Amino acid sequence: MTSNELKHEARKQEWSMSIQECRGSGLSVSEWCRQRGVTTATYYRWERELLTGVRKNGAPSSTAVTFAELPAPKQVSRNVAERSATLHIGNASLDIYPGCDAEQLRLLVELLRLC
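The rules behind the values
Residues numbered from 1 in each chain as written. Predicted model: local features only at pLDDT ≥ 70, side-chain atom pairs only at ≥ 80, totals over all residues. Heavy atoms only, no water. Phe/Tyr/Trp six-rings, centres within 6.5 Å; stacked < 30°, edge-to-face > 60°. Axes fitted to C-alpha atoms, helices over the stretch in contact; angles between N-to-C directions. Helix = DSSP H or I, 4+ residues; strand = E, 2+ residues; numbered from the N terminus. Parallel < 35°, antiparallel > 145°, perpendicular 65-115°, else oblique. Left-handed = near helix turned anticlockwise from the far one by under 90°. Contact = heavy atoms within 4.5 Å. Nonpolar A, V, L, I, M, F, W, Y, C, P; charged D, E, K, R; others polar. Core = buried A, V, L, I, M, F, W, Y, C linked by side-chain atoms within 4.5 Å. Buried < 20%, exposed > 50% of the residue type's maximum accessible area, 1.4 Å probe, protein only. Arc of directions from axis to C-beta.

**Concerning the packing of aromatic side chains**
Turning to step 1, where the next piece is worked out: Summed over all chains, the structure comprises 4 aromatic pairs.
Turning to step 2, where the next piece is worked out: Each residue in the set Trp15, Trp32, Tyr43, Tyr44 and Trp46 is aromatic and connected to the rest through ring pairs, giving one cluster.

Okay, structure coming up:
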């Protein structure tokens, strides 16, 4: 491998990590690039090169990067309006929310009885 090829491979590795950072940052590509002084054209050129390399070579090698769009985690807020019931045992109380399965509830009741 020539020195230019080695430099290019090093840049691919750098951009692979940068693209992963951008995708995980929650920022738009434009905003992420603006904050780092990179043009979006450069970003998308490297992203295209990395993705094209994966497609040409078939299965990704250990250094190849594959991107997948993942849904944002569901934000669950536990406010008073959402609880289904409140269970009082002695001086302790337990707020029960939708999604609490029977086994969880059984364990929590046992713990409250010990208090």
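Still more to cover.
**Looking at the packing of helix H1 (residues 3-25) against helix H2 (residues 29-36)**
Turning to step 1, where the next piece is worked out: Contact geometry of H1 with H2 gives a least axis separation of 9 Å together with a crossing angle of 125 degrees. With respect to H2, the axis of H1 lies oblique. As H1 packs across H2, the resulting crossing turns out to be right-handed. Contact residues: H1 offers Trp15, Ser18, Glu21, Cys22 and Ser25, while H2 offers Val29, Trp32 and Arg36.
Turning to step 2, where the next piece is worked out: Within the contact of H1 with H2, the residues separate by chemical class into 4 nonpolar, 2 polar and 2 charged.

**Some thoughts on the nonpolar core**
Turning to step 1, where the next piece is worked out: Within the largest apolar cluster, 10 residues are counted, these being Trp15, Ile19, Cys22, Val29, Trp32, Cys33, Tyr43, Trp46, Leu50 and Phe67.
Turning to step 2, where the next piece is worked out: Elements with a contribution of two residues or more to this core: H1, H2 and helix H3 (40-56).
Turning to step 3, where the next piece is worked out: Residues in contact with Val29, not counting those within four places in the same chain, are Cys22, Thr40, Tyr43 and Tyr44.

**Some words on H2**
Turning to step 1, where the next piece is worked out: Residues of H2 that are buried: Val29, Trp32 and Cys33. Buried residues of H2, viewed axially, fall in a sector of 95 degrees; they line one side.
Turning to step 2, where the next piece is worked out: Within two residues after H2, Gly37 carries a phi angle of roughly 70 degrees, on the positive side.

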